[in-house]
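# Per-entry structural report
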Amino acid sequence: MQDFIERFVTLWVVIDPIGTVPVFIAVTAGIDAAARRKTAFQAALVSAGVLLFFLLFGQVLIDALDIGLNSFQVAGGIVLFLFALTMIFGESKPEAEQKQAEGTQEIEKPNPAIFPLAVPSMASPGAMLAIVMLTDNNRFGVVDQAITGGVMLLVIAAAFVLMLFADPIIRLIGHSGSAIVSRVMGMILASVAANAVLSAILEIVKTGQL
């Protein structure tokens, strides 16, 4: 039971279902409830697929590429920071829709369910490496690895439920509120990303391990 709790807490922290909600609100502002539910389901499905891939093949892949935890964290932090900048300085959903109505042609953007919700919000570099470490073939048997997979799916299911409850929040704040939330959440996300990068750099300096 203690092992189960430890794995649950570890995966809850790295997947961060609660932290996914502000990102979900920001990227789905202005679309209807059905589309938001679809986006939440797709994000949960894709993130589960990515983490299951790392559960099965991550150890082989990372060992083959000789990638360290700190390097992975720096890369993930940079990606999150770049996305945060688009939330802060980019156009909000209502502004984009207004330009489309005026006939301005825009480049098609990636599906928000895949980026940034599934990767790197839920299936973050930290989550990928946590899965690899919790299913280390040298320390854990098949049963333990299966339990870890079940715990991971449970945490992603929790994230999905929390995203569904974001709908009332979006209805309450409206388009103007969502634009404000997008900027504020962008600042928070940029801070989180910067913290991840700086923590990894300090760890590299301290231990000398990439």
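See above for the structure.
Viewed as axis vectors pointing N to C, helix 1 (residues 2-15) and helix 7 (residues 125-134) meet at an angle of 160°, and their least axial separation amounts to 8 Å. As the angle between them shows, helix 1 and helix 7 are arranged roughly antiparallel. Note on packing geometry: the crossing formed by helix 1 with helix 7 is left-handed. Residue-level contacts link Arg7, Thr10, Leu11, Val14 and Ile15 of helix 1 to Gly126, Ala127, Ala130, Ile131 and Leu134 of helix 7. Among the residues making up the contact of helix 1 with helix 7, the classes are represented as seven nonpolar, two polar and one charged.

Moving on, we come to the layout of surface pockets. The calculated volume of the second largest pocket comes to roughly 640 Å³. Taken together, 31 residues make up the lining of the second largest pocket; nearest its centre are Val14, Asp16, Leu80, Ser124 and Val192. Put simply, the parts of the chain that give the lining of the second largest pocket at least two residues each are helix 1, helix 2 (17-28), helix 4 (69-89), helix 6 (113-122), helix 7 and helix 9 (166-207). Ranked by the residues each element gives to the lining of the second largest pocket, the list is headed by helix 9, at seven residues. Here the lining of the second largest pocket is built from residues that sort into 19 nonpolar, eleven polar and one charged.

The rules behind these values
Residues numbered from 1 in each chain as written. Predicted model: local features only at pLDDT ≥ 70, side-chain atom pairs only at ≥ 80, totals over all residues. Heavy atoms only, no water. Axes fitted to C-alpha atoms, helices over the stretch in contact; angles between N-to-C directions. Helix = DSSP H or I, 4+ residues; strand = E, 2+ residues; numbered from the N terminus. Parallel < 35°, antiparallel > 145°, perpendicular 65-115°, else oblique. Left-handed = near helix turned anticlockwise from the far one by under 90°. Contact = heavy atoms within 4.5 Å. Nonpolar A, V, L, I, M, F, W, Y, C, P; charged D, E, K, R; others polar. 1 Å grid on protein atoms, 1.4 Å probe; cavity = no way out; pocket = protein on both sides within 12 Å on 5 of 7 lines; lining within 4 Å. Points joined across faces, edges and corners; volume = space filled by probe spheres on them.

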